[in-house]
Amino acid sequence: MHSPAVDLPDAPDETLTEAVVDLVLRGMWRGRTEAEYRPLAEAGLAMVKGPLVLPTERAKAAAGQVLRVAPGSPREERITAAYEAFLPVNRKIREVCTAWQCRPDGTANDHSDSVYDAGVRESLEDVHEAIQPVLRRLEQVLEGSGRYLGELEEALERFDEGEAKWLASPLCDSYHTVWMRLHQELLLVLGISRAEDEAREEELVTGSRD
Amino acid sequence: MSVTDREAGPSTAVEAPGRILVPFGQGRIRGLDADELGAHGAAMDRLVALGLPVVPGLTVPAGTSASLCDPGTAEAAVDLVEQLAGRRIGDRARPLLLRLSASAPTEIAGLPPDLACLGVTTASMDALCAVIGRADALHEVWAATVRMIAEYALDVPAAMLDDAVLDAPEPRTRIEALLDLTARHGSRPFPDDPAQQLALAARAVLRRWDSPRARRSRKAQRLPADLGVALHVQALRIGPADRSGYGTAVSRHPETGLLSPQGSFFRGVRRSSPPPHTSEPLDRLTGGRALLEHALLTLERHLHAPVSVDFEVRDDEISLLAASAQQRPPLRASVCLAADLARDGALDPEEAVLRIGPAQVQELLHPQLRLTGGEELLVKGLAASPGAAAGVIVLSSERALEVGADGTPVVLVAHETTPADVPGMLASAAVLTGSGGIASHAAVVARGAGRPAVCGADGLRVDRAAGTVSFGDRVLREGDAVSLDGRTGAVYAGRLSVSVAAPPPELSTLLDWADGMRRLGVRANADSAAEVSTAVALGAEGVGLCRTEHQFLGERLPLIRRVLLAADPAARDEALKALEHAQHEDFRALLAAVGNRPVTVRLLDAPLHEFLPAPGDASDAGEEQRAAALREANPMLGLRGVRLALLHERLYPAQAEALFAAWADVAATGVRPELEVMIPLVSLPEELAATAVYVREAAAAVAARTGVVVPYRLGTMIETPRAALLAGELAEHAEFFSFGTNDLTQLTYGFSRDDVERQVLAGYQERGLLTASPFARLDPHGVGALIALAAERARGVRPGIKLGVCGEHGGDPESIAFCDGLGLDYVSCSPHRVPVARMAAAHSTPRERHDESGSTR
């Protein structure tokens, strides 16, 4: 499916562009004021559903256009290298979240076993150690991506203060929520589809082993 | 003091290597326990004592573990492992490597990672790979080992190592890059000598154990900051990949719980996180699995728990690397094992019962789709988030929010999920995706939001533009109903009902034993023949509460409405006749299902407003007026129960006659239910006395009509504080009491349940004013004190009076223990809680106050 030609309003104003990108990367806004979302809604880029604001298809296509780097450029090549280093860790963070939510036998983790939880926290530390060099490199070639490390660290801090939802809850800027946003940005920047992304992750995870 | 200081200078430790290097199996003989040997050393001792084959190796006890950083001690360790293994490092035909690991006195998290292969050199690597028969079998494992030693023992900056790893994704070049970096920036180059490698590895492991992240992990587990670890040096015998490898196995099948080794097996060099998709099933083990089964069975009998082992396969022979009781075995496995051990005489049945708690029984009876066999299975995906749900298909967040807005359950179906699907998932009853596994974003989000999910459903195609989902050739549209089970991964067409699973056979066995242990009876609250059958199948001894008002709802509503709103006595009598007839049928089916068990039938106790038409809905102006006159400001405290019966004097006699006549019918078929007729919402002994007359007259009327004298007991519900306080006086008219603890809790606290549950209780629990909702857990100090007092006063008047509880508390384990303590005769709970109540009653019997969390206050 190729994206329909999308134009932002005639004078593509900076604030509006930023807002569209933010809304698309987050997937939704909750608890935003009308002043924040009205310009988007009027431009046909957002729809309001009760307390939620969702991006329209038009918004998704627009954000894709704004973010996409020039195909074949050296910059694309460097971001791709970071993306490929990101993918194996991307697999691990999902496994960590899964282990936090479910015990290996599939039953829900009721967090009564501090040894088990500490083991999961250890693998989260491994993920966090592994993603830092990747984000350091990404920051040099993708403006603004430095914020992700800060957001991940904040989520980790809150998690360590005992608020379990900061790992994987979809209702706050949890570690997983921020991670999903980073992932989505990489895909839009590189123009990679979810299907390609899955295939490439699988290849990198299995191919890098013996 | 630090680990590093030990390295310099000749060690004094070598003087007594026998105390420092302890071969597996010899710890206990030398007077060492798990504090010194570590959990792993102690486990290896146990395996040797049980005569099971173990991988050769030794332990450096916790108290002296730093001495392994000394090259002399390390040299002695290398020699000893070579002797134990009967191989030498560097031998080209039968090569040997070493593996270093650490363990604490108990199983904990946050130990340093194992250093998987020591004794490799750049020169020997190719020869080793040739023996294994796979070109790069060793590279990645060795790269990880070199990296950790470089960072923690040779002080190469971590950021440099990170960069080297990112720049060299290919393992072989990665090793060269890491070795080069170490030579240039490390405190010394990476050595070739195995003993020197081992000494540095020990130093790296101990430093890692001293790092801030390891300290934080100890703190999180409330372990002492200065906790020591034992070090273990194990032989890693290298052999051809077609006959060698490593694996893990557990003793029992996670789904069925039966003894049947489950696990996986990998070829190549052992590593702590094996690559995905490379595992092979255990039956591929070239030497067969008999020895593995023997080891698992021996261990289970020894440890009385489901067990897990790590093993190595070397030239087709299995030897054990580690073994322990499974930390958190699957529930089915624990239940099956308890039953197995008791059947074999290894445990008393009572001990077996006490190993399984009521909460675990509840978990085994999880909600699932009710299948009859005729369902259309659309697809089977991966079970990604537990729970079962049904709803209509939506294909976007937008539709999910629109359709779900009025409470219609929806199932979000997507091929893959992006952040834009998260709001839709939150609005859905369940999630179904075509791609991704149980660790996909969709699965993580679904579990985070508590939604059942099936992911990776093969063949699922979503066409958002056309509004269709296809499963192979079968096409469904947005708006069609589907049902899914997030525990099995099954997706069905249509809306199936969700119900509680039946207990698996081994749980039934344990529950039968539990029945033999408990004093307290367990009955069920059941209003229809179908509910009675369910309850009986789940082990209920009878019905503790049959709410007859449910017989008045639905299509019977117009009948009771006519009784209440009749313009004149003739119209009322006619309506009553119709009602009596309908109830007679209901009671006959109910009593037939009850069989020879006790059944407590509560005469009508619904608040009046449930029967009145909504304003403007009455059939004519007169009825509208009469309905308006009957509307109350607070129906729960108004014309209800016995109060309504005393106003509409034909109501209870009509119900009682229908009940007794139904009993006579059923008795003719040879079934004799033990009938208990219960008057609700009594607060004056006089109310009970007056209504008791109605019931007696109804029995006499039926006897006159049918010739059958129906045996029954008459009793009352204790729902108001006044009734509890006047229990002595009430007992003069009542042969049994049933404590209606829901209403008794509302009236004792002055809580309106619906209101306080929304506004008050959560806040109270957050602030610590209440530890649990008094509607979920019987309040022992207030409501419980009233019950205790009522029981005492009632027994003073009528010593043998039968006492039961029929509120929702009858299914809560702590409340059940409390009722057992008061010597009540039975609890009655909803049918699906019956197994939980049976187990809870058995656990409360040995009154040893095994306080689980001290949450009752």
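This structure is a prediction, so every number in the text was calculated from the model and none was measured.

**Considerations on the overall build of chain A**
Here comes step 1: From N to C terminus, chain A includes 9 helices and 3 strands.
Here comes step 2: Put simply, chain A runs from its N terminus to its C terminus through helices and strands in the order α-β-α-β-β-α-α-α-α-α-α-α.
Here comes step 3: The C-alpha atoms of chain A give 19 Å as radius of gyration, which agrees with the globular expectation for 210 residues (17 Å, within 12%).
Here comes step 4: A principal-axis box enclosing the C-alpha atoms of chain A has dimensions of 60 × 40 × 30 Å.

**Quick notes on the environment of B:Val599**
Residues and elements named next belong to chain B.
Here comes step 1: Positionally, Val-599 belongs in strand β26 (residues 598-602).
Here comes step 2: We classify Val-599 as buried; it has 25 C-beta atoms within 10 Å.
Here comes step 3: Through-space distance from the C-alpha of Val-599 to that of Val-532 is 9.9 Å; in sequence the pair is 67 residues apart.
Here comes step 4: Ignoring sequence-local partners within four residues, the contact set of Val-599 consists of Gly-542, Val-543, Cys-546, Leu-591, Val-594, Pro-673, Glu-674, Leu-675 and Glu-676.

**Digging into the domain arrangement of chain B**
Here comes step 1: In terms of domains, chain B is made up of domain 1 (3-237), domain 2 (245-329), domain 3 (367-500), domain 4 (520-604 + 648-844) and domain 5 (607-640).
Here comes step 2: Placing a centre on the C-alpha atoms of domain 1 of chain B and another on those of domain 5 of chain B gives a separation of 81 Å.

**Observations concerning the pairing of strand β30 (residues 802-805) of chain B**
All names here are of chain B.
Here comes step 1: Burial along β30 is two-sided: the residues Lys-802 and Gly-804 and Leu-803 and Val-805 are all buried.
Here comes step 2: Both β30 and strand β31 (residues 826-829) contribute to a ladder of 2 bridges, which runs parallel. Along β31, the bridge assignment pairs Gly-804 with Tyr-826.

**A look at unusual backbone geometry**
Here comes step 1: Within the chain, A:His111 stands out as a residue other than glycine whose phi angle is a positive 60°.
Here comes step 2: For A:His111, the position within the fold is in the loop between α4 (74-101) and α5 (114-141).

**Quick word on the confidence of the model for chain B**
Residues and elements named next belong to chain B.
Here comes step 1: Of all residues in chain B, 96% have pLDDT values of 70 or greater, and the mean over the chain is 89.
Here comes step 2: With pLDDT under 50 throughout, residues 1-15 is counted as low confidence; its partners more than four residues away or in other chains account for 27 contacts.
Here comes step 3: Between residues 847-857, whose pLDDT stays under 50, and residues either more than four places distant or in other chains, the model counts 5 contacts.
Here comes step 4: Scored as a whole, the predicted complex attains pTM 0.72, and scored at its interfaces, ipTM 0.82.

**Re the nonpolar core**
Residues and elements named next belong to chain B.
Here comes step 1: Leu-510 and Val-677 are the most contacted members of the largest nonpolar core, which totals 122 residues.
Here comes step 2: When residues in this core are grouped by element, the largest group, 11 residues, is from helix α23 (residues 651-667).
Here comes step 3: Looking at which domains feed residues into this core, each of domain 4 (520-604 + 648-844) and domain 5 (607-640) supplies at least three.
Here comes step 4: Sequence-distant contacts of Val-677, that is, excluding residues within four places in its chain, are made with Val-601, Leu-603, Ala-656, Leu-659, Val-695, Tyr-712 and Leu-714.
Here comes step 5: Ranked by size, the runner-up nonpolar core spans 98 residues in total, among them Ala-42, Cys-69, Leu-178 and Leu-299.

**Side note on the environment of B:Phe552**
All names here are of chain B.
Here comes step 1: Mapped onto the secondary structure, Phe-552 falls in the loop between β25 (543-547) and α19 (557-565).
Here comes step 2: Phe-552 sits in the buried class, given 21 other C-beta atoms within 10 Å.
Here comes step 3: With 27 residues separating them along the chain, Phe-552 and Leu-579 place their C-alpha atoms 8.4 Å apart.

**A word on the sheet that holds strand β3 (residues 52-55) of chain A**
All names here are of chain A.
Here comes step 1: Strand order in the open sheet formed by 3 strands is β1-β3-β2, with antiparallel pairing between adjacent strands. The outermost strands of the open sheet, each flanked by one partner alone, are β1 (29-30) and β2 (46-49).
Here comes step 2: Direction of pairing for β2 relative to β3: antiparallel, over a ladder of 4 bridges. Along β3, the bridge assignment pairs Val-48 with Val-53.

**Describing the sheet that holds strand β9 (residues 307-314) of chain B**
Residues and elements named next belong to chain B.
Here comes step 1: One open sheet accounts for 5 strands, arranged β8-β7-β6-β9-β10; its pairing is antiparallel. With one partner strand each, in any of the chains shown, β8 (280-281) and β10 (317-325) form the two edges of the open sheet.
Here comes step 2: Against the sheet, helix α10 (residues 290-303) touches β6 (245-252), β7 (259-267), β9 and β10, its axis set at about 150° to β9.

**With respect to helix α16 (residues 441-448) of chain B**
Residue and element names in this part refer to chain B.
Here comes step 1: Most of α16 is tucked away, with 8 of its 8 residues classed as buried.
Here comes step 2: Residues of α16 that are buried: His-441, Ala-442, Ala-443, Val-444, Val-445, Ala-446, Arg-447 and Gly-448.
Here comes step 3: Just downstream of α16 lies Gly-450, where phi reads positive at about 70°.

**Section: the environment of B:Gly288**
Here comes step 1: Within the secondary structure, B:Gly288 is located in the loop between β8 and α10.
Here comes step 2: Overall, B:Gly288 belongs to the exposed group, with 12 C-beta atoms counted inside 10 Å.

**Observations concerning the domain arrangement of chain A**
Residue and element names in this part refer to chain A.
Here comes step 1: Under the domain assignment used here, chain A contains domain 1 (14-67) and domain 2 (74-207).
Here comes step 2: Once you take the C-alpha centre of each, domain 1 and domain 2 turn out to be 24 Å apart.
Here comes step 3: Each side of the interface is counted separately: domain 1 has 5 residues, and domain 2 has 5 residues.
Here comes step 4: Mapped by element, the contributors of at least two residues to the side of domain 1 that touches domain 2 are α1 (14-26) and α3 (57-67).
Here comes step 5: Top element by residues in the side of domain 1 that touches domain 2 is α3. It accounts for 3 residues.
Here comes step 6: For the side of domain 1 that touches domain 2, the per-class residue count stands at 3 nonpolar, 1 polar and 1 charged.

Criteria and cut-off values
Residues numbered from 1 in each chain as written. Chains lettered and ligands numbered in written order. Predicted model: local features only at pLDDT ≥ 70, side-chain atom pairs only at ≥ 80, totals over all residues. Helix = DSSP H or I, 4+ residues; strand = E, 2+ residues; numbered from the N terminus. Rg over C-alpha atoms; globule rule 2.2 N^0.38 Å. Buried ≥ 20, exposed ≤ 12 C-beta atoms within 10 Å, placed from the backbone. Contact = placed C-beta atoms within 7 Å. Domains from an automatic or database assignment. Pairing = 2+ DSSP bridges. pLDDT = per-residue confidence, 0-100. Core = buried A, V, L, I, M, F, W, Y, C linked by C-beta atoms within 7 Å. Axes fitted to C-alpha atoms, helices over the stretch in contact; angles between N-to-C directions. Nonpolar A, V, L, I, M, F, W, Y, C, P; charged D, E, K, R; others polar.

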